[in-house]
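Chains, contacts and geometry: an overview
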Amino acid sequence: MKPYGLYTLFYKEVLRFCKVLLQTLFAPIVTTLLYLLVFGQALSGRVDVFPGVSYIEFLVPGLVMMAVIQNAFANGSSSLIQSRISGNLVFILLAPLSHFEFFIAFAAAAVLRGLLVGLGVYLVATAFIDLPLAHPGMLLLFALLGAAVPAVLGVVAGIWALKFDQLAGFQNFVIVPLSFLSGVFYSIQGLPDFWYRLSHLNPFFYAIDGFRYGFFGTGDTDPWVSLGIMAGFMLLLSSVTLLMLKTGYRLRD
Amino acid sequence: MSDAITVSRLHKRYGPVHALKGVDLAVRQGEFFGLLGPNGAGKSTLINIVAGLTRFRDGAVRVLGHDVVRDYRRARRHLGVVPQEVVFDPFFTVREVLRIQSGYFGLRRNDAWIEELLAALHLADKADANMRELSGGMKRRVMIAQALVHKPGVVVLDEPTAGVDVEQRKSLWAFIRRLHAEGNTIVLTTHYLEEAEALCERIAIIDRGELVALDTKQRLLARGIGRTLRLTLTTEHPLGAVPAPLASKLRGLNGNRIELQLEKDSDSIIAVLDALRSQGAAIVDVEIEEADLEDVFVELTRGRPR
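Below or above, wherever it landed, is the structure these notes cover.

What counts, and at which threshold
Residues numbered from 1 in each chain as written. Chains lettered and ligands numbered in written order. Predicted model: local features only at pLDDT ≥ 70, side-chain atom pairs only at ≥ 80, totals over all residues. Helix = DSSP H or I, 4+ residues; strand = E, 2+ residues; numbered from the N terminus. Buried ≥ 20, exposed ≤ 12 C-beta atoms within 10 Å, placed from the backbone. Contact = placed C-beta atoms within 7 Å. Pairing = 2+ DSSP bridges. Nonpolar A, V, L, I, M, F, W, Y, C, P; charged D, E, K, R; others polar. Axes fitted to C-alpha atoms, helices over the stretch in contact; angles between N-to-C directions. Parallel < 35°, antiparallel > 145°, perpendicular 65-115°, else oblique. Left-handed = near helix turned anticlockwise from the far one by under 90°. Right-handed = clockwise from strand over helix to strand, strands pointing away. Core = buried A, V, L, I, M, F, W, Y, C linked by C-beta atoms within 7 Å.

Helices and strands together make up the secondary structure of chain A, namely 10 helices and zero strands. In chain A, the order of α-helices and β-strands from amino to carboxyl end is α-α-α-α-α-α-α-α-α-α. For the C-alpha atoms alone, the extent of chain A along its principal axes is close to 55 × 35 × 35 Å. Looking at the 253 residues of chain A, the share that counts as buried comes to 50%. Taking all contacts inside chain A whose residues are at least 6 apart in sequence as the whole, residues at least 24 apart take part in 84%.

When helices and strands are tallied, chain B shows 10 helices and 14 strands. Seen along its three principal axes, the alpha-carbon backbone of chain B occupies a region of about 80 × 45 × 35 Å. Expressed as a percentage of the 306 residues in chain B, the buried residues total 40%. Considering only residue pairs separated by 6 or more positions, chain B has 69% of its internal contacts joining residues 24 or more positions apart.

A few words on the pairing of strand β3 (residues 32–36) of chain B. Along a regular strand, successive side chains alternate from one face of the sheet to the other. Residues and elements named next belong to chain B. Across the five residues of β3, five count as buried, placing the element largely inside the fold. In β3, alternate side chains face the same way, and those of F32, G34 and L36 on one face and F33 and L35 on the other are all buried. Direction of pairing for β3 relative to strand β8 (residues 185–189): parallel, over a ladder of four bridges. Paired with G34 across the bridge in β8 is L188. By the bridge criterion, four bridges tie β3 to strand β9 (residues 202–207) in an arrangement that is parallel. Considered in β9, the bridge of L35 is made with A204.

All names here are of chain B. Following the sequence through the fold, S171 ends up in helix α6 (residues 166–181). The class of S171 is partly exposed, set by 16 C-beta atoms lying within 10 Å. Measuring from C-alpha to C-alpha, the distance between S171 and D267 comes to 41 Å, with 96 residues separating the pair along the chain.

Residues and elements named next belong to chain B. Among the nine residues of helix α1 (residues 43–51), nine are classified as buried, and the element is accordingly described as predominantly covered. Inspection of α1 places K43, S44, T45, L46, I47, N48, I49, V50 and A51 among the buried residues, and these make up the whole buried set. The positive-phi residue at the C-terminal boundary of α1 is G52, with phi of around 85°.

Every contact between the two is made by 22 residues of chain A and, on the other side, 25 residues of chain B. Elements with a minimum of two residues in the side of chain A that touches chain B: α1 (3–19) and α4 (90–93) of chain A. With seven residues, the single largest contributor to the side of chain A that touches chain B is α1(A). Its residues placed into classes, the side of chain A that touches chain B shows 10 nonpolar, six polar and six charged.

This part covers the packing of helix α5 (residues 99–128) of chain A against helix α10 (residues 223–247) of chain A. Residues and elements named next belong to chain A. Running from N to C, α5 and α10 cross one another at 130°; their axes reach a closest spacing of 9 Å. Regarding the angle of α5 to α10, the classification is oblique. The handedness of the crossing between α5 and α10 comes out as right-handed. On α10, the residues that touch H99, F100, F102 and F103 of α5 are T241, L242, L245 and K246. Across the contact of α5 with α10, the residue classes tally to five nonpolar, two polar and one charged.

What follows deals with the sheet that holds β9(B). Residues and elements named next belong to chain B. Taken in spatial order, the six strands of this open sheet run β6-β7-β8-β3-β9-β10, and their pairing is mixed. Both outer strands of the open sheet, β6 (79–82) and β10 (210–216), are each paired with one neighbouring strand and no more. Adjacent strand axes in the sheet meet at a mean angle of 15°, parallel and antiparallel pairs treated alike. Examined bridge by bridge, strand β7 (residues 154–158) and β8 share five bridges and lie parallel to one another. Considered in β8, the bridge of V155 is made with I186. The strands that α1 touches are β3, β6, β7, β8 and β9; relative to β7, the one it contacts most, it runs at about 145°. Seen against the sheet, helix α5 (residues 136–148) touches β6 and β7 and runs at an angle of roughly 165° to β6.

To continue, consider the pairing of β7(B). All names here are of chain B. Of all the five residues making up β7, five are buried; the element is thus mostly covered by neighbouring parts of the structure. Side chains V154, V156 and D158 project from β7 onto one buried face, and the interleaved V155 and L157 project onto a second face that is buried too. Here four bridges tie β6 to β7, and the two strands are oriented parallel to one another. The residue of β7 that forms the bridge with G80 is V155. Handedness of the β7-α6-β8 crossover: right-handed.

Among the nonpolar cores identified, the biggest contains 151 residues, and V68(A), A107(A), A151(A), A207(A), V50(B), A145(B) and V156(B) are the most heavily contacted of them. Sort the elements by how many residues they give to this core and helix α3 (residues 55–86) of chain A lands first, with 17 residues.

This brings us to helix α3 (residues 94–104) of chain B. Counting buried residues along α3(B), nine of its 11 residues qualify, which places the element largely inside the surrounding structure. Within α3(B) the residues assigned to the buried category are V94(B), V97(B), L98(B), R99(B), I100(B), Q101(B), S102(B), G103(B) and Y104(B). As for α3(B), its buried residues are in contact with α1 and α4 of chain A together with α4 (111–120) and α5 of chain B. Where α3(B) terminates, the next one or two residues include G106(B), which has phi positive at roughly 80°.

A few words now on the sheet that holds strand β12 (residues 250–254) of chain B. All names here are of chain B. Taken together, four strands build an open sheet; the order of strands is β12-β13-β11-β14 and the sheet is antiparallel. The outermost strands of the open sheet, each flanked by one partner alone, are β12 and β14 (282–289). Taking the axes of each pair of neighbouring strands and ignoring which way they run, one obtains an average angle of 15° across the sheet.

Note that all results are geometric; they support no functional claim without further evidence.
This is how it looks when you write it as C-alpha cells:
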C-alpha cells in the first residue's frame, strides 16, 4: 500500500469541503444552534429526561451527535455523486489506488467533517451552557463511531446513487428520520413500548445514547452494549462498502 | 521487450450486447498507434478496459506486461489516459488538480514536472485559475496534463481533439508528436481520419466489436482500394452519358466535368481515356486522387452485417 496516494485522496476530500466552509461547516453549525434555541426554549420542562439533568443540557449532546451524523453522511455522499455526475470521478478510478485506500480516504474525510461540525456546535453551545464530562474517553469513542457509521453510509449512498434525486431520497427517507428518531430530543424511556423497541433497531440511537453517557455518566442503555452494536454495525457496513468497491459496483461498469 | 499494450481474446458483454468479440491486438513500445472505428464500434470500451474503468470476464489485457486486473497498480502507473469527455473538478485550481493527480500516483514532489507540463501545454498563466474559469480547449489540455503528470510510458488519447478549434488542434498535435519523439507509446482514437493518417504508424480498425484491420498506415493505404479520377473534357456536343463500360464507375457528371471511381488494380486510366476519346471527347485536364484512410475505413466498415 502506498500511503501517499491514500493521503492525497483524503487531503483532496478535506480540501474540497474546506473550499466551501460556509456551506459545509458554518451553515450546519448555525442550523443546529437554531434547533437548540427553538427546542430548548419550547420543550424545556415539558420532557422528562435523566434525573438531575436539565432539558437544555440533555439536548446539547443529542444535537451535537445529530450534526455529526448528518454531516459525516453528507460529505462522502455529496462528493461522490458530484464527481460521478460531473465525470471527474474517472481521475480517481484511473489512479493506482486500491479499493481499501478509496474507502479509508473517503470515510476518514467524512468523519473529520462530521467531527468538526460537532465540535463547532459543542464549542458554541458550551459558551452558554455548562456540561459535565463524566467519561471523556467514552465520549470520544462514541463521537468517532457516531461519525464513522454515517460516513461509511455516505460512501455507500454515493456509490449507489446514480443521480442527485436518488441521493436526496436516501438522505431524506433514511438518514434524516433515523437521526431525528434516535433520541436527540427525548429520552426513549418515556416512549410507548412499540416506539421504545423500535428505537433499539436504530443504530444512531446507540451513538447518541453512548455519547450522552460520556457527558452525564448515565444513559438509556448500557454504553458497552451501545459500543458493541455500533462497532458491529460499522464492521458490517464497512464490509459491504469494501465489497462494492472491490467489485467496482456502479463505478467500473 | 514486452509490448506496450497486449489484448488477448478479449470479450465484453453488456447484457445481450456483445460489445467486444474476442479482440486480439498488441501495441508495440514506442509506436504511434491509431485505433479507429465508427461510433459504437467498441473503441472506448476497449480503452476503458485497458484503463481499468470497465470490467471484463473473458480474455487478458496487459500494459507493459502488467495484467490490468491482477497487477492493476503497476499497469495503471505505466498508463496515462485522456478521457473522451471534457470533465473537470470545479473545486480546484489547475495546479491543485495536477498536484492531487500526481499524489494519487504516490508522487510527493513533482512540481518541476508539473511546471514543465503547464508550460508545454500553454497553461502556465492559468495555473492558479479555478478549473471553471477555463475554456473548453484549456480544460482538455489540463486533462492531457493530468494523464501525463506521473510520466507514464503509454499514453492513451481518446478523441483528444474533438471539439477543439483548428489552431489548438495543431498545437495539440505538435505536443503529442513531441511526446512520441521522447519515446512514449501513443494510442490515439479519433474521428478525424486525416489526424490518424498524419500521426499514426500503425492503425487498428474496429467495427462492431471486431478487429477488421491492423496494419501499418502504408499497407492499409495500399490495400487495393480504388482511386478517384476527375476529368475535364471538351466535346462537340455535351456528354449525355458516359460510354457503357464506364457507367458502373461513374460518380458524377456535371457538364464537361466527370468523376469516376476506379479499382486500383483492375482499372486502367488509359482504357478510360481511350473509351472517352472514342466518343469524341477531348481530354483537357486529368486529376487523380489516391485512396486515403477515409476510403480504406469506409471500405472496411461498410456492408458488414449489423
